[in-house]
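Geometric and topological summary
Listed here are the chains, written in short residue letters.
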Amino acid sequence: MSDRSPRPFVLINMAMTADAKIATTDRSITTFGSARDLAHLYALRATADAILCGARTIEETGATLGNGPDPTGRLRKKRLRNGLTEYPLRVVVSGSASLSSKATLWKTKTAPIIVLTSSRAPAAARKRLTALADAVWTNRGTSVDLKSALERLHSERGVRRLLCEGGGQLNGALFAADLVDEIHLTVCPLLFGGRSAPSIFDGPGFDRLTNATRWHQTSSRRVGDELFVVFRRGGSDQ
Ligand SMILES: NC(=O)c1ccc[n+]([C@@H]2O[C@H](COP(=O)([O-])OP(=O)(O)OC[C@H]3O[C@@H](n4cnc5c(N)ncnc54)[C@H](OP(=O)(O)O)[C@@H]3O)[C@@H](O)[C@H]2O)c1
């Protein structure tokens with residue numbers, strides 16, 4: 001802990017099949033949880049200062065990272081009562097700045113949007129996103145330095161609790177850098193299979209059991225045929 005600058009508490013929330021897939025190989029099915037699962041997502045968003053998402057998830061799901069349906073403004077008011085902003089800050093990771101200008105995200109005016117990118121991205125692509133986003137943060141290197149970005153979100157934007165909504169590649173980078181504190185999984189009664197179908201943790205992964213991060217289960221609840229499980233970082237004795 002001692003080498004760490006303060007960063008937000010990071011939660012990941014994912015709906016997955018029984019084989020840990022989060023979409024089909026052809027990505028034609030990206031949303032498959034129940035209404036209860038969606039309610040769980042919105043409830044978590046209501047506790048977060050910021051939402052983090054990968055570029056492909058933004059494009060393929062049409063996510064806008066807002067409060068969800070809130071016709072009476074109840075959620076907005078609750079956020080304010082809890083000392084949060086009306087809507088969560090929206091943060092999108094796009095290392096090569098490939099994030100589409102046509103994404104639905106740009107059409108919704110809730111909270112500011114910050115794009116995290118890297119110097120690998122062509123200058124023209126970064127300029128394009130600078131015209132769309134409220135801020136574009138670029139770090140040197142070929143990928144986004146998520147640790148530094150989280151620390152900056154903490155120090156400059158006051159983000160204390162950050163909800164990551166995937167996808168598999170972004171989750172993989174966060175897990176590899178050991179930047180995740182809590183995982184909320186909704187295990188759905190489906191199997192997608194497919195070697196290249198995105199899963200909750202993509203990328204190279206860990207090569208040895210000793211390198212694998214350890215988690216303990218803090219809750220598990222079955223609702224209908226879905227299982228809602230929460231894991232916290234660390235062994236059960238921590
Ligand atoms: N079931 C669920 O709960 C759930 C939740 C979320 C997503 N999904 C599904 O998952 C799929 C998307 O997952 P995905 O793994 O393909 O994509 P993703 O993680 O959403 O986005 C990948 C993109 O994000 C950027 N990125 C991620 N990590 C980065 C890093 N460390 N450094 C630089 N850039 C980084 C890159 O953008 P650039 O290309 O610009 O470099 C990369 O191409 C979609 O089909 C979506 O529907 C399902």
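Residues numbered from 1 in each chain as written. Predicted model: local features only at pLDDT ≥ 70, side-chain atom pairs only at ≥ 80, totals over all residues. Heavy atoms only, no water.

Within the structure, the ligand sits among 31 residues, and Thr57, Glu60, Ser94, Ser98 and Gln169 are positioned closest to it. Glu60 has a polar side-chain atom sitting 2.6 Å from an oxygen atom of the ligand. Here the ligand loses 91% of its free accessible area of 920 Å² to cover by the protein chains. Of all the secondary-structure elements, those providing two or more residues to the shell around the ligand are strand S1 (9–17), helix H2 (55–61) and helix H6 (168–176). Among the elements that take part in the shell around the ligand, H2 stands out by supplying five residues, more than any other. Partitioned by chemical class, the residues of the shell around the ligand number 13 nonpolar, 13 polar and five charged. (Near = heavy atom within 4 Å. Polar contact = N/O pair within 3.5 Å; in protein donor to acceptor, adjacent residues only side chain to side chain. Areas by Shrake-Rupley, 256 points an atom, 1.4 Å probe, with all protein chains shown as cover. Helix = DSSP H or I, 4+ residues; strand = E, 2+ residues; numbered from the N terminus. Nonpolar A, V, L, I, M, F, W, Y, C, P; charged D, E, K, R; others polar.)

This brings us to the packing of aromatic side chains. Tallied over the full model, the rule gives four aromatic pairs. Aromatic side chains Phe175 and Phe201 sit 4.9 Å apart centroid to centroid with 45 degrees between the ring planes, which places their arrangement in the tilted category. A residue pair is termed long-range when its members are at least 10 positions apart, and Phe175 in helix H6 and Phe201 in the loop between strand S7 (182–188) and strand S8 (215–223) qualify at 26 residues. Ring geometry for Phe175 against Trp215: centres 6.0 Å apart, planes inclined by 90 degrees, an arrangement best described as edge-to-face. (Phe/Tyr/Trp six-rings, centres within 6.5 Å; stacked < 30°, edge-to-face > 60°.)

In this section: the pairing of strand S3 (residues 89–93). It is a general feature of regular strands that their side chains alternate between the two faces of the sheet. With respect to burial, S3 is a largely interior element, five of its five residues being buried. Of the strand pairs in this sheet, S3 and strand S4 (residues 113–118) are connected by four bridges, and their pairing is parallel. Among the inter-strand pairings, Arg90 is bridged to a residue of S4, identified as Ile113. (Buried < 20%, exposed > 50% of the residue type's maximum accessible area, 1.4 Å probe, protein only. Pairing = 2+ DSSP bridges.)

With that settled, consider the sheet that holds S1. The nine strands lie next to each other as S5-S4-S3-S2-S6-S1-S7-S9-S8, forming an open sheet whose pairing is mixed. With one partner strand each, in any of the chains shown, strand S5 (135–139) and S8 form the two edges of the open sheet. Neighbour-to-neighbour, the strand axes of the sheet open up by a mean angle of 20 degrees, direction not taken into account. Across seven bridges, the pairing between S1 and S7 is parallel. Bridging across to S7, Ala15 finds its partner in Thr186. (Axes fitted to C-alpha atoms, helices over the stretch in contact; angles between N-to-C directions.)

Tracing the backbone shows Leu89 in strand S3. Here Leu89 falls in the buried class, since its relative accessible area comes to 9%. When the C-alpha positions of Leu89 and Ala176 are compared, they lie 24 Å apart, and in sequence the two are 87 residues distant. Setting aside its immediate chain neighbours within four residues, Leu89 contacts Asp49, Ala50, Ile51, Ala111, Pro112, Ile114, Leu153, Arg157 and Val159. (Contact = heavy atoms within 4.5 Å.)

On to helix H1 (residues 35–45), then. Within the span of H1, buried status applies to Asp37, His40, Leu41, Leu44 and Arg45. Burial along H1 is one-sided: seen end-on, the buried residues are contained in an arc of 140 degrees. As for H1, its buried residues are in contact with S1, strand S2 (50–54), helix H3 (74–81), strand S6 (161–164), S7 and strand S9 (226–233). The N-terminus of H1 is capped by Ser34, whose side-chain oxygen sits 3.2 Å from the backbone nitrogen of Arg36. (Arc of directions from axis to C-beta.)

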